[in-house]
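# Residue-level structure breakdown
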Amino acid sequence: MTLSSRFVVLVSIAVSALLIAGSSQATAAPANDNFAARQTISGPLPITVAASNIGATAELGEPQIGGNDPRNSIWFSWTSTVTGTMVVDMCEDGFTGYEFAFLAIGVRTGATLGTLMTSATGTGQCLVRFQATLGTVYHFQVDYHEEGNFNFKLRNLNPPANDNFAGATTIPSTLPASINSSTVDSGWEAGEPATLGGMSQSRSVWFSWTAPSLGRIRLSVCSLTSVDGATNKAIVAYTGATLATLTEVAKVGVNQCSVDFKVEAGQNYKFAVSGVVQGEFNFTLDLKDAPAPPTDDFVNAQ
């Protein structure tokens, strides 16, 4: 072999090595790709850490998340500093991959893949709640079915002030009135009417209004923005001083966003707005006078 041909061979080998090295670096898995190398997170709540699943894989024996095989999963570990409801919140995580990438989240306990126990899972959701116990170690399996950078966030559940019946938001008697509110982090309260979704599905908040005079009003929730889950909702008006004595007086139809009904002077009304299949959303509740036409009653037929 001549000197020139040896040089060409050596150069070719060097270029190939560089290409292989570059390719390896481009597809290198993140450090917390596997359960055994999970990233420990700590500090005061809420906790937010920068993360990436670029190059991540599913390892042998890794559990499904809600019946879905993991693809690009990474792992985090946290020792609970509280006892109470916690939320894995990925709703504003800044994911740099495909905007509508499927997200699956698993919350587990256990020391090895083979002994993991499921505390909670979420598929196609950005908010996953779980009950934490002080001192227990929880493992978070985060799997986007696309690759990208994002922020992982863990926080306490923070129910709105009007989550429960007793804390209903007071609406001024003088109409029209418009109240901005949210069902995010709300939940079921023992004794709530079943129409609001039930123990595992309800995401309800409450309002209170006293009619200043006899008349007819319109209750509407037509401005609504989804935060997580389905927007299936119940919007119901009641009378009654306690959950046990509630009487339904009006309800917004399934495919509607408002309802008109008659009110009595001095009567207090309670309005409930609920995501009925764990849907969490921001909304505006509007209340205004809606006088009936002169020919509304039979005796006033034109």
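Below: a short report on this structure. Counting restarts for each chain, with residues numbered from 1 along the sequence as it is written. Where totals are concerned, whole chains, interfaces and linings use all residues; where local detail is concerned, this predicted model gives features only for residues with pLDDT of at least 70, and gives and counts side-chain atom pairs only at 80 or more. Side-chain calculation: all heavy atoms of the structure are included, whereas hydrogens and water are not.

## Structural notes on the overall build of the protein chain
Counted only if it meets this: Here a helix means four or more residues in a row that DSSP labels H or I, a strand means two or more in a row labelled E, and each is numbered from the N terminus. Between two residues, a contact is recorded if the distance between any of their heavy atoms is within 4.5 Å.
In terms of helices and strands, the protein chain carries 1 helix and 18 strands. For the protein chain, contacts bridging at least 24 residues in sequence account for 77% of all contacts bridging at least 6.

## Topic: the environment of glutamate 59
Mapping glutamate 59 onto the fold places it in the loop between β2 (47–52) and β3 (73–79). On a C-alpha basis, the gap between glutamate 59 and proline 70 in space is 8.6 Å, while along the polypeptide they are 11 residues apart. If we ignore the near neighbours within four places in the chain, the residues touching glutamate 59 are Asp33, Asn34, Phe35, Trp75 and Leu113.

## Details of the packing of aromatic side chains
Under the convention used in this document: The aromatic pairing rule takes the rings of Phe, Tyr and Trp, using the six-membered ring of Trp, and pairs them if the centres are within 6.5 Å, calling planes under 30 degrees apart stacked, those over 60 edge-to-face and the rest tilted. In this scheme, the term charge over a ring applies when either NZ of a lysine or CZ of an arginine sits within 6 Å of the ring centre and within 35 degrees of the ring normal.
One pass over the structure, following the stated rule, counts 17 aromatic pairs. Three or more aromatic residues link up through ring pairs in this structure, and these residues are Phe76, Trp78, Phe130, Tyr138, Phe140 and Phe152. Looking at arginine 38, its charged tip hangs above the ring of phenylalanine 35, at a distance of 4.1 Å from the centre.

## A look at empty space enclosed by the protein
Quick reminder of the rule: Residues are said to line a cavity or pocket when one of their atoms sits within 4 Å of a point; the points come from a 1 Å grid over protein atoms alone, cavities being sets where a 1.4 Å probe fits but cannot get out and pockets being open sets with protein on both sides within 12 Å along at least five of seven lines. Grid points are joined across faces, edges and corners, and a volume is the space filled by probe spheres set on the points. Under the grouping applied here, Gly and all other residues not named as nonpolar or charged are polar, the nonpolar ones being Ala, Val, Leu, Ile, Met, Phe, Trp, Tyr, Cys and Pro and the charged ones Asp, Glu, Lys and Arg.
On inspection of all chains with the given rule, the structure shows 1 cavity of 30 Å³ or more. Taken together, the residues of the lining of the largest cavity sort by class into 4 nonpolar, 2 polar and 1 charged.

## Regarding the sheet that holds strand β11 (residues 177–182)
We apply this condition: A pair of strands is labelled paired if DSSP reports no fewer than 2 bridges between them. Throughout, an axis means a line fitted to C-alpha atoms (over the contacting stretch in the case of helices), and angles, computed between N-to-C directions, take values from 0 to 180 degrees.
Overall, antiparallel pairing links the 4 strands, which are arranged β11-β18-β13-β16 in an open sheet. A single partner strand is all that each edge strand has here, and the edge strands are β11 and β16 (258–263). Between one strand axis and the next, the sheet turns by 20° as a mean value, whatever way the strands run. With 6 bridges connecting them, strand β13 (residues 215–228) and β16 associate as antiparallel partners. The partner of glycine 215 across the bridge, within β16, is valine 263.

## Things to note about the side chain of aspartate 228
Rules: Relative accessibility under 20% of the residue-type maximum defines a buried residue, over 50% an exposed one, and the middle range a partly exposed one, all with a 1.4 Å probe and only protein chains included. Counting rule for charge: Lys and Arg are taken as positive, Asp and Glu as negative, and neither His nor the chain ends is counted. Salt bridges are counted wherever a side-chain nitrogen of Lys or Arg sits within 4 Å of a carboxyl oxygen of Asp or Glu. Nitrogen and oxygen atoms within 3.5 Å of one another constitute a polar contact, given that in protein one can donate a hydrogen and the other can accept it, and given that sequence-neighbouring residues count only through two side-chain atoms.
Tracing the backbone through its elements, the reader meets aspartate 228 in strand β13. Buried within the structure, aspartate 228 lacks any salt-bridge partner; arginine 203 is the closest side chain of opposite charge, at an N-O distance of 7.5 Å. A distance of 3.3 Å separates the side chain of aspartate 228 from the backbone nitrogen of leucine 127, its partner in a polar contact. Other than its neighbours up to four places away in sequence, aspartate 228 contacts Cys91, Gly124, Gln125, Cys126, Leu127, Gln278, Gly279 and Glu280.

## Observations regarding the sheet that holds strand β17 (residues 268–275)
Strands sit in the order β10-β12-β17-β14-β15 across an open sheet of 5 strands; the sheet is mixed. Here the strands that pair on one side only, and so sit at the sheet edges, are β10 (169–170) and β15 (247–251). The pairing of strand β14 (residues 233–239) with β17 spans 6 bridges and is antiparallel. Counted as the bridge partner of tyrosine 238 is lysine 270 from β17.

## Remarks on the pattern of salt bridges
Under the counting rule described, the total for this entry stands at 6 salt bridges. Among the salt bridges present, the one from glutamate 280 reaches arginine 129, with a minimum N-O distance of 3.4 Å. Highlighted residues: glutamate 280 in strand β18 (residues 280–289) and arginine 129 in strand β7 (residues 127–132), separated in sequence by 151 residues. Taking the relative accessible area as the measure of exposure, arginine 129 reaches 23% and is therefore partly exposed. One salt bridge connects aspartate 260 with arginine 218, and the closest N-O pair in it is separated by 2.7 Å. Placement of the pair is aspartate 260 in strand β16 and arginine 218 in strand β13, with a sequence separation of 42 residues. Among the charged side chains, a network of salt bridges with common partners joins Asp89, Arg155 and Asp185.

## Some thoughts on the pairing of β14
For β14, the tally of buried residues reaches 6 of 7 residues, placing the bulk of the element in the interior. For β14 and β15, the ladder comprises 4 bridges, and the chain directions are antiparallel. Note that in β15 the partner of valine 236 across the bridge is lysine 251.

Nothing here speaks to function; it is all geometry.
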